[in-house]
Amino acid sequence: MPKKPSVPLKSLVRGLVRSSWHKQNFYNLAKKDDLYLAPFSEYKQRWLSKRESRAYHGDHITEHQWQGVFNPHLKSVANFNNDNPGQSTAETPIAMDLFTPLERRLDVAVFRAMFASSPKQARQFVAQGKVKVNGRRMQYCRYPLRPGDVFQVEPDCVLRAVGREKPSQEKSELVDEQQRENFRQFLAYCEEDAEDAFNEKFQPMPVDGLMDGDALYRKCRLTAIETLKKRIAEMEAEDFDRSIYEESAVSGLLTAFEEFKASNKESDTSTDDTSTAEVTPPSHIETDSLKEAYKKVFSAKAVNQDSNEFKELVKHFIEVEHGFAIAESQELLSEFLAPSSQFTPHWWYVYKKEFTGLDLPWQEGPYGLEDPDKPYFTPWTPRPFLAPFAILPHHIEISFKSCSAVYMRDPVIREGHSEVISPISLEAHQNAYRFYVRRRK
Amino acid sequence: MLLPRISPAPAHPSRVFFRSYAARRFPRDAHMAQDWPRVENNTYTRSNMLIFLGEQSVNGDHPENFYCYAPKNNVPKYLPQGSGRRNQALFRRLNRLASDRLNGNAFFAPRDPDSVNPLLHNDPFDAVPKAVHDEDLLKPFPLNPYVTTGFMLSDMLKSAIIKSHERGESNIVISQRYGIKLARVEATIKLAELERDMENEGKITPDMVRFDNRMKLMFPLTSGHMSQADFQDPDEAITFELRVASKRDSPSDTEPSFDRSGNDNIYEYVVPPKADKQIYQFLPEDEVITTDDAAKILGVESAEFYVDEMENLSTQRVSFAGVPEEDLPSAVCDWKLATSNGVHEVEVNTSKDRLWVFSSAKVGKVGYGYGARDDARKKYRKHKDTRLNYA
């Protein structure tokens, strides 16, 4: 069982930079300044530098373990094809070879290959038997890798370490509630001022950078067009169930009757004439039998809903309503089929649930829990503040697809370049080297 | 009587060491915001950090922060180079954002945080200098200019390497042609085979593919020394040519080019550990050197030793002290037997002679039946094998 650290690792007061992708560690890195060593004794200068550099390099192993692998003979590489021999272009930071022996360790290599968020987590993976070296399970985190070794980490572990944290059920619901509210407000804005909203487009809550608003709009349009086409084809079929229009047809007829009677009454009182006004059927009633039925119904004192004439009229009104619905859909479809850069008043209808089939069209399930069985955020998304730590090592070739990597060689130091990845300055490395070489065995 | 001080008293050394922290703090009014960050529940240092990270959204992100989301254009997002005061421009900008929020001004919230990349754009307010060289964008740590990120091999180059390998070309030839180090060529081929095996076994899940695609967008890409001639497909060749030409003709400000830094130096020589020692020693012609002298120089045993070893290896003398002759295994009796002082000594040829030979047998027909069925401890045995109870 690893020893529990005696100090808070990411302490803001200490401000030491650790090998971790935590955002607090990123802040410590960003505010870091050069070491201010001038007023101190030589020993303290070395000690402070050692403290800084060991905080990053192998803070998970003890000082005793580190001194067991410390090599006082630092090396660098030679360039065989030097175009201007004798003229060195840059300094060779040879002191940065100090921590090369640690880079050979399996846990550090797993961290460098970006399969774990810190060497500590990598050590956990190794101890749990999630790491294979050359096809065999390796449970010793200090296993020294040799050139050509292939190591492989369990994909679920990698996706969990590099990906976003999986939200709890409550958290997911909370975020979705907020998103729904934002979306609702946007749709209300569209209803109010469709043109301005069209120019802005909807921007969902960022998860992996900003989403392209136009892309989301285009995606929704495609879904909406497909849905509409399907619906129109269904409506135009003979066996389409038209009973859904019955209620509105009946109520429409009744209101028309009441309006007609009311207008008749007004004219009665003004002219004081008992004769009823002439009943004129609307233009869509063309056949004589329907016209007569209309006249008969509207000239009666009250509506008799059981009468044959009324039923005949309702049947006709259902057809009319059906025709209207088809025409409406076709009109909307023609709007959607226009170029996506062109503004149309009903452009935002594509976001509606009846077309997209989704509550929130940019995600196909609850926030982060599209596949709740997985131990990571689904769909997989990189964790926040990964950017400043996404560094590709020169000495390890990585295949992210198979979560495996090849340790090609030990990292080397060359002119003006160090393959050992370290945020610590060269000066601090030199002082730290002096600290350790003092007590050479 | 106190004398007036001429110069201010020097700060206590332990305080001076944290000078960096003192220089990077935000002004007091930035901490006095009503809603955010909640100073009353935080320490001063923590409140500083919250201002730096920016406001949190419901999902716990800091979307205003330039570094919150990983890049998608193969241009890394690292802290600006240069230590100390040069780097403070970043903090000045955040400071301005914080005070704007405090004063209730129209908060300059960029819809696209990339537009405030301190390295790519000149900030109209703070006049942050643009990165001098594009190569500076590859350096992740402000205090260590010697560290750079590696380059990812582009998919085109990878497939070209694998095609060349399948055609039967040697790795050295491939390495020379594309300007990629030999070890990297070998590793690429090895990983491609691994990926193919996993795909055939159905072990690659859609999430892994998604992970792969997304991670590839974070690092700079290199195509090595690829040229149009490397493409079999004419369409592919044309697009490659167009891409190269367009990059050359119109170098854009927002898209930095890392053409020079992406190439490996294949002429670099890493000294293998064995070659670290001198293996030749120059001697005057008249000096006589024997095998013993050579062994001493090389730090190994003399040649005679190895000759003896090899002879001794095949035959060994084994003594059966305290074993009566009738109890000796029959195989031993067949070998050459010498008896001195009642001790039997046998010369065994280790490459040929076997004391025990396995032969098939049936349970119950051979061996000794022990007492208890489940317990084979010595005290429960019915039959005591006295042959092994030697003095």
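Residues numbered from 1 in each chain as written. Chains lettered and ligands numbered in written order. Predicted model: local features only at pLDDT ≥ 70, side-chain atom pairs only at ≥ 80, totals over all residues. Heavy atoms only, no water.

Q: Honestly, the overall build of chain A in this entry has me stumped. Any pointers?
A: Per the secondary structure count, chain A includes 15 helices and eight strands. Within chain A, the fraction of its 441 residues that count as buried is 49%. As presented, chain A carries roughly 22,400 Å² of accessible surface, and 49% of it is formed by carbon and sulfur atoms. (Helix = DSSP H or I, 4+ residues; strand = E, 2+ residues; numbered from the N terminus. Buried < 20%, exposed > 50% of the residue type's maximum accessible area, 1.4 Å probe, protein only. Areas by Shrake-Rupley, 256 points an atom, 1.4 Å probe, with all protein chains shown as cover.)

Q: Quick question: what am I supposed to make of the sheet that holds strand β4 (residues 149-153) of chain A here?
A: Consider a sheet: its strands pair through backbone hydrogen bonds, and that pairing is either parallel or antiparallel. Here we have five strands laid out as an open sheet, ordered β3-β2-β4-β6-β5 (chain A), and antiparallel in their pairing. One side of each edge strand has no neighbouring strand; the edge strands of this open sheet are β3 (136-137) and β5 (396-399) of chain A. Running at roughly 25 degrees to β5(A), helix α7 (residues 182-200) of chain B makes contact with β4, β5 and β6 (404-407) of chain A of the sheet. (Pairing = 2+ DSSP bridges. Contact = heavy atoms within 4.5 Å. Axes fitted to C-alpha atoms, helices over the stretch in contact; angles between N-to-C directions.)

Q: What exactly am I supposed to notice about the interface of chain B and chain A here?
A: Interfaces are often described in size by the accessible area the parts lose on coming together. Counting from both sides, the interface comprises 78 residues of chain B and, opposite them, 92 residues of chain A. For the pair chain B and chain A, the two sides together bury roughly 7,700 Å², of which 65% comes from carbon and sulfur. In this structure, the connection of chain B to chain A is made through five salt bridges. Between Arg184(B) and Glu397(A) there is a salt bridge, and its shortest N-O distance comes to 2.6 Å. Inspection of the chain B/chain A interface yields 23 residue pairs in polar contact (both at pLDDT 80 or more). (Buried area = accessible area lost by both parts, 1.4 Å probe. Salt bridge = Lys/Arg side-chain N within 4 Å of Asp/Glu carboxyl O. Polar contact = N/O pair within 3.5 Å; in protein donor to acceptor, adjacent residues only side chain to side chain.)

Q: Before we go on, may I ask you to explain the pairing of strand β6 (residues 343-349) of chain B in this structure?
A: If a strand is regular, its side chains alternate between the two faces of the sheet. Residue and element names in this part refer to chain B. Burial of β6 is one-sided: the residues His344, Val346 and Val348 facing one way are buried, the residues Val343, Glu345, Glu347 and Asn349 facing the other way are not. Here strand β4 (residues 315-320) runs beside β6; their pairing, made up of six bridges, is antiparallel. Bridge pairing in β6 links threonine 315 to asparagine 349. Pairing between strand β5 (residues 337-340) and β6: four bridges, direction antiparallel. Looking across to β6, one finds that threonine 339 is bridged to histidine 344. Linking β5 to β6, which pair antiparallel, is a turn of two residues; within it asparagine 341 sits at a positive phi near 55 degrees.

Q: Help me out: how do you make sense of the side chain of His395(A) in this one?
A: Mapped onto the elements of the fold, His395(A) is located in the loop between α14 (353-356) and β5. Here His395(A) is in contact with Glu103(A), Val406(A), Tyr407(A), Met408(A), Arg409(A), Asp410(A), Pro411(A) and Glu419(A), once residues within four sequence places are set aside.

Q: Would you mind showing me how to read the packing of helix α7 (residues 155-162) of chain A against helix α8 (residues 206-216) of chain B here?
A: Each packed pair of helices is defined by two parameters, the angle between the axes and the distance between the axes. One way to put it is that α7(A) packs onto α8(B) with a least axis distance of 11 Å and a crossing angle of 45 degrees. The angle between the axes of α7(A) and α8(B) places the two elements in the oblique class. Of the two possible hands of crossing, α7(A) and α8(B) adopt the one that is left-handed. On the side of α7(A), the interface is formed by Pro155(A), Val158(A), Leu159(A) and Val162(A), while α8(B) contributes Asp207(B), Met208(B), Phe211(B) and Met215(B). (Parallel < 35°, antiparallel > 145°, perpendicular 65-115°, else oblique. Left-handed = near helix turned anticlockwise from the far one by under 90°.)

Q: Got a minute to help me understand the pattern of salt bridges in this structure?
A: Two side chains carrying opposite charge are able to pair once their charged atoms lie near each other. For the coordinates displayed, the defined rule picks out 25 salt bridges over all chains. Ionic pairing is found between Asp59(A) and Arg18(A), a salt bridge with its closest N-O pair at 3.4 Å. Taken together, the residues span a long stretch of sequence, with Asp59(A) in the loop between α2 (42-56) and α3 (63-69) and Arg18(A) in the segment before α1 (23-30) at a distance of 41 residues. Of the charged contacts, one joins Lys374(A) and Asp207(B) as a salt bridge, the two residues approaching to 3.7 Å between their closest N and O atoms. Of this pair, Lys374(A) sits in the loop between α14 and β5 while Asp207(B) is found in helix α8, placing the two residues in two different chains. In this structure Asp207(B) comes out as buried when scored by relative accessible area, which is 12%.

Q: I would appreciate a short explanation of the environment of Glu200(A) in the present structure.
A: Residues and elements named next belong to chain A. Along the chain, the position of glutamate 200 falls in helix α9 (residues 194-200). The class of glutamate 200 is partly exposed, set by a relative accessible area of 45%. Separated by 14 residues in sequence, glutamate 200 and aspartate 214 have C-alpha atoms that sit 9.3 Å apart.

Q: Just to check I follow, could you spell out the packing of aromatic side chains for this structure?
A: The geometry of two aromatic rings is summed up by the distance between their centres and the angle between their planes. Taken as a whole and assessed by the stated rule, the structure comprises 33 aromatic pairs over all chains. Three or more aromatic residues joined by ring pairs make a cluster, and in this case those are Phe183(A), Phe186(A), Tyr189(A), Phe198(A), Phe202(A), Tyr217(A), Phe343(A), Trp347(A), Tyr351(A) and Trp362(A). The ring centre of Tyr349(A) lies 4.1 Å from the NZ or CZ of Lys352(A), which sits over that ring. Taking the ring centre of Phe66(B) as reference, the NZ or CZ of Lys77(B) above it sits at 4.9 Å. (Phe/Tyr/Trp six-rings, centres within 6.5 Å; stacked < 30°, edge-to-face > 60°. Lys NZ or Arg CZ within 6 Å of the ring centre and 35° of its normal.)

Q: How should the state of the cysteines be read in this particular structure?
A: Residue and element names in this part refer to chain A. A complete count under the given rule lists zero disulfides over all chains for this structure. The thiol of cysteine 157 is unpaired, and the distance to the nearest cysteine sulfur, on cysteine 403, comes to 9.4 Å. The class for cysteine 403 is buried, based on a relative accessible area of 0%. (Disulfide = S-S within 2.5 Å.)

Q: So what exactly am I meant to see when it comes to a negative patch on the surface here?
A: All names here are of chain B. A cluster of acidic residues, Glu285, Asp286, Glu287, Asp292, Asp293, Glu301, Glu304, Asp308 and Glu309, forms a negative patch on the protein surface. For the negative patch, the elements supplying multiple residues, two or more each, are α10 (291-298) and α11 (303-314). Considering every element that reaches the negative patch, the biggest residue donor is α11, with three residues. Mapped onto the elements, glutamate 287 comes out in the loop between β3 (268-269) and α10. The exposure class assigned to glutamate 287 is partly exposed, which follows from its relative accessible area of 43%. (Patch = residues over 30% accessible without salt bridge, like charges linked within 9 Å, V, L, I, M, F, W, Y side chains within 5 Å. Lys, Arg positive; Asp, Glu negative; His and termini not counted. Charge placed at Lys NZ, Arg CZ, Asp CG, Glu CD.)

Q: Teacher, can you tell me more about unusual backbone geometry here?
A: Working note: non-glycine residues mostly have negative phi, and peptide bonds are mostly trans. Residue and element names in this part refer to chain A. Residue threonine 378 is joined to proline 379 through a cis peptide bond whose omega torsion reads -5 degrees. Along the chain, proline 379 falls in the loop between α14 and β5. You will see that methionine 114, though not glycine, has its phi angle at about 65 degrees, which is positive. With respect to the secondary-structure elements, methionine 114 resides in the loop between α5 (106-112) and α6 (119-127). In this model, cysteine 403 sits at a positive phi of 55 degrees, which is unusual for a non-glycine residue. Within the secondary structure, cysteine 403 sits in the loop between β5 and β6.

Q: I keep staring at the pairing of β6(A) and nothing clicks. Help me out?
A: All names here are of chain A. Residue alternation in β6 divides its side chains into two sets, Ser404 and Val406 and Ala405 and Tyr407, and both sets are buried. Note: β4 against β6, four bridges, orientation antiparallel. Residue valine 150 lies in a different strand from β6, and its bridge partner there is valine 406. In terms of strand pairing, β5 meets β6 through four bridges, oriented antiparallel. Paired with serine 399 across the strands is serine 404, a residue of β6. From the end of β5 to the start of β6, which pair antiparallel, there are four residues, and cysteine 403 there has a positive phi angle of about 55 degrees.

Q: Which parts of the structure should I look at to understand helix α5 (residues 155-166) of chain B?
A: Since there are 3.6 residues in each turn of an α-helix, residues three or four apart along the chain are aligned in direction. Across its twelve residues, α5(B) extends 16 Å between first and last C-alpha, which sits within 8% of the 16 Å expected from 1.5 Å per residue. Gly168(B) lies just past α5(B) and shows a positive phi near 95 degrees. (Expected span 1.5 Å × (residues − 1).)

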